[in-house]
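Coordinate analysis (summary)
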Amino acid sequence: MFLMSRVLSQVKGLIQKVHPPQRSLNDSLEGEIQAFLIDEDQLHTYDDLTKVNPVTPATVLKCLQGRYSMKVFYTHAGCTLVALNPFQSIPDLYSLDVMKEYHYARQPQEFKPHIFIVAEEAYRNVRGQLEPVNQSLVVSGESGAGKTWTSRCLMKYYATVASVSSVVKSQDTVERIERRVLDSNPVMEAFGNACTLRNNNSSRFGKYIQLQLDRCQLLVGATVQTYLLEKTRVACQPANERNFHIFYQMMRGATDEQRKEWKMSHDQSFVWLPNSEKTIEEDCFHETVKAMVHLGINAERQGEIFRILAGILQLGNVSFSSSADESQPCHLDAKSKNFLQRAAELLCVPAEELQTCLRVRTLKAGKQSVLKPCSQADCSVRRDCLAKVIYAQLFEWLVTFINNSVCADKSTWCNFIGILDVYGFECFQTNNLEQLCINYANEKLQQHFVAHYLRAQQEEYVSEGLQWSFVKYQDNQSCLDLLEGSPISVFSLLNEESRLNRASDAKTFRVRLEKELCDNANISWDKFSKVPHFTVAHYAGKVGYQIEGMAEKNKDPVPPELISLLQKSNNQLLHQIFKDNETESQIKKGPGKTTVVSKFKNSLETLMKILHSTTPHYTRCIKPNPECKPLTFKKEEVIIQLEACGIVETIHISAAGFPIRIPFQSFLQRYTLIAKHINSGSHSVVLDLEADTCPQRHVEKILGVALKHRHLSEERSTLVHCGRTKVFLTQVMLDLLEDQRKKILSHCAFTIQCCWLRYQRRRRHTHRQSATLIQAAVRSWLVRNRVRRWNRAAGVIQSTWRKWRSLLKSLAEAELDDAKDLVEEDAPALNPVVRERGSVQLSIIPEPVAVRGWPMGLALASAPSMTVSLTATGFQKMISVIASLNLPSRRGEYQVKTNQYTEELASIRAQPKVRTQTPSRNFLSFCSSDDLLFLVFSTGIHKAALSAISTSLR
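Residues numbered from 1 in each chain as written. Predicted model: local features only at pLDDT ≥ 70, side-chain atom pairs only at ≥ 80, totals over all residues. Heavy atoms only, no water.

In the nomenclature of an unreviewed UniProt entry, the chain corresponds to Myosin XIX from the organism Oreochromis niloticus. What UniProt records for the chain under Sequence similarities (unreviewed entry) is the sentence "Belongs to the TRAFAC class myosin-kinesin ATPase superfamily. Myosin family." (UniProt positions renumbered as here; feature names shortened; annotations may be inferred.)

On to the sheet that holds strand E17 (residues 726–729), then. What the 3 strands build is an open sheet, ordered E15-E17-E16; its pairing is antiparallel. Both edges of this open sheet fall to strand E15 (660–663) and strand E16 (720–722), since each of them pairs with a single strand only. Across the sheet, the mean angle from the axis of one strand to that of its neighbour is 20 degrees, orientation sign disregarded. Docked against the sheet, helix H26 (residues 664–677) engages E15 and E17, running at close to 90 degrees with respect to E15. On the sheet, helix H30 (residues 731–815) packs against E15, E16 and E17 and is oriented at approximately 110 degrees with respect to E17. (Pairing = 2+ DSSP bridges. Helix = DSSP H or I, 4+ residues; strand = E, 2+ residues; numbered from the N terminus. Axes fitted to C-alpha atoms, helices over the stretch in contact; angles between N-to-C directions. Contact = heavy atoms within 4.5 Å.)

Our next topic: the nonpolar core. Counting 109 residues, the largest nonpolar core has Tyr158, Phe191, Ile246, Leu309, Ile390 and Tyr391 as the members making the most contacts within it. Membership of the second largest hydrophobic core comes to 59 residues, among which are Tyr423, Phe449, Phe509 and Phe600. (Core = buried A, V, L, I, M, F, W, Y, C linked by side-chain atoms within 4.5 Å. Buried < 20%, exposed > 50% of the residue type's maximum accessible area, 1.4 Å probe, protein only.)

Taken together, the 8 bridges between strand E6 (residues 206–213) and strand E7 (residues 219–227) define a ladder with antiparallel strand orientation. Bridging from a neighbouring strand, Gln210 pairs with Thr223 of E7.

This part takes up the pattern of salt bridges. Under the criterion given, the structure shown has 29 salt bridges. Asp378 is the salt-bridge partner of Arg361, the closest N and O atoms lying 3.0 Å from each other. With Arg361 in strand E8 (residues 360–365) and Asp378 in helix H14 (residues 376–406), the pair connects residues that are 17 residues apart, well separated along the chain. Overall, Asp378 belongs to the partly exposed group, its relative accessible area being 28%. Among the ionic pairs, Lys553 bridges to Glu434, the shortest N-O distance being 3.3 Å. Residue Lys553 is located in helix H19 (residues 550–555), and its partner Glu434 is located in helix H15 (residues 433–463); the two are separated by 119 residues in the primary sequence. When its relative accessible area of 14% is taken as the criterion, Glu434 is described as buried. Sharing partners across several salt bridges, the network here consists of Arg204, Glu230, Arg233, Glu241 and Glu426. (Salt bridge = Lys/Arg side-chain N within 4 Å of Asp/Glu carboxyl O.)

To continue, consider unusual backbone geometry. The omega angle of the peptide bond from Ser486 to Pro487 is 5 degrees, so this bond is cis rather than trans. With respect to the helices and strands, the residue Pro487 is situated in the loop between helix H16 (477–484) and helix H17 (490–499). Phi is positive for Leu228, which is not a glycine, with a value near 50 degrees. Mapped onto the elements, Leu228 comes out in the loop between E7 and helix H8 (245–253). A relative accessible area of 25% places Leu228 in the partly exposed class. Phi is positive for Cys628, which is not a glycine, with a value near 60 degrees. Looking at the secondary structure, you find Cys628 in the loop between strand E14 (615–622) and helix H24 (635–645). Looking at Cys628, the relative accessible area reads 27%, which means it is partly exposed.

As structure tokens, then:
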């Protein structure tokens, strides 16, 4: 109740400043606040704080507290997303199923607030090619508010939804890029994050990650830009804080063999590893090594990296003691000499030269060099400087290697989505140059938010003719003028002090600051403090900065003899790092070299140019309690952060304004098709649009058609407004237009597909008919060609057969004798074997007649009704069979023609008067299958004749 009364008093004071004191108005506002806060059970239902009425710090705080108690950690605040850190793991909130749910949702804004809504909105802006196409996701908040985790979730989301490739050939590449982009996180967090008082995984550097997308909006690569690594943490850790994670990971995860190689025994302690007994989740050495392997860092290169880190730890144990003689270098005890020897071996440099470089300074007087022993303090500074420069250069090499590993060629990507994760606003008991640069970066980001959302929007409303009453907000431009203004500012005076060729005096510098900047209300001094300092009123509160040592840190001097020593290192990585930076080191020599502040300022200006050229999406991370306790909500902590980042003012402007602004020309190019296709009377609309030359009238007609189609004309004043050069839209109106445009494009695509399918079907039908005709013609040609070949073959066979038959007849005429000669001739005595096996008995001749060759046909012809037994072998058998057959050319008319002795025929040319039964079957019964087969192959008888023979045998 005490806090509530204090908040109400603050609200009352704010109202009295803005408006004249009106008692009734204040009473009415307090009554509305009390009425709103009565129903606390419903406060967690407000997904968007613009729905809160009235919008005050008290009502906003109470809504956030109610949602936090219900374990709802994301809330919309107009154009900004507010994220409360739960300080505990909630895996179901960021699972793969949740990612797909938001990615495939038709309207993600209708779902519960989530960081994936911001990610999906940016991704759809790239797909929709709305100018500016490139997107930036700015994650801001205090240290420990959850910025690093939020950035990690965003990268995982894009690596999931933007890597689903339907192209098989690029799937391996996509998986490789996706894995390397994700694996760059644990490596950079191990080398760039540390455990602080406010956060166990605090980013000690800023990074801007560009996720590169091709024309299909698929992830093809990434680049990482880093800003101001806090390298002083390597050699100087604030009280109750730790060094970078990678050192503790090596101590806990190294094997015995690795410890032996790195000269790190189990019982050894290191000065630069405070609070090593504290164990946190980030102390996972194997995950870091695994990620390095995926990025392409092989085992040999890893060994070189870890030996360098082990050498840095050994350097931290080296201590110096003053010499009694000032002309002699500082002494080293036995333990320090042992540590120095180990460091030299791990860094692969000669131990004697390393010892000399740390204890002796080289001064140049003209062309001569003078060696001067260093004091104990100077030796410690040189030792720390050596460790810092090695670690800083190693970190830069690591970032360059990651970029070379995951960056795509410029020709393969056309758009990007940037994720900005910078250190949060810091305020410690002792603040120096590091905190000044960190808070300056947060001031720049806050100014970008103010300029983009709070100031630029309201000024644009007025210039475009909207009826608008200005909402007052906290502008931090005066603080930026104090830090970076021209010609006189804190940074300009600090650079002048650093460029002087003398030791800086803190008191003198404080006097100069007070003299030059006394007119600026954002800087103040405590005149009663013994320690020189100055206090800056930042947007998030006042911070006091210690002046002592600030100029030296800004110089960031590196003794040239240390660089020369490292360039001679036998460690290939260390030699490569400093050999590549040899030219740069030579350029930086002299009083005009670039200071830390100048370098950081230039890098931030480059970042701001990128942010101004993209569409920004802001996520405000809020730290509910300073102790990082799970689900603990402290109102005092939260209200300060809400007031600092201007959440209440953002809600006011977002609730009453139009967050989306599109020029007329871009609007017409994108949404003219709505008026052309949305209804049946589109022809008249098209004519009106073409006849009208005023773009504003075109826009009015398109909006009228879109709202009339959705029956939302009565809400037009709250959804859209046409200015002089731009259209101002709410998210609801933009979703309505995009939905109608998507439906029209889908219908057009469907029509095109139908036409294309019809064309393809007709073409296939024509091709089928043509193929049928071609096949018919080819088959006809083949048949005709085959018939012609058969006819030619038949003609050849017939001609050959006629010739053969004629030859046989001529041979018969030549061999046959007249019948009288046969009767008158005395029959020779027959051989008993011939008489028994090679003769036939004729009815008119008493003696057996020997059958030789052609006369066998005559013997067979004279005895048609008797069974003839014939035995013949060898060549005679073949000739007898051939002579007994007179095969005509036509099938089924095979006959045996013989000389008819009884008919008194003396020549085979005479035809018989009576056709008798042919004894073919009786004769062929004497022939075996082998004989017939021999007959066929020996005489070339046609297959039709063979078929007839087979038939007669059956």
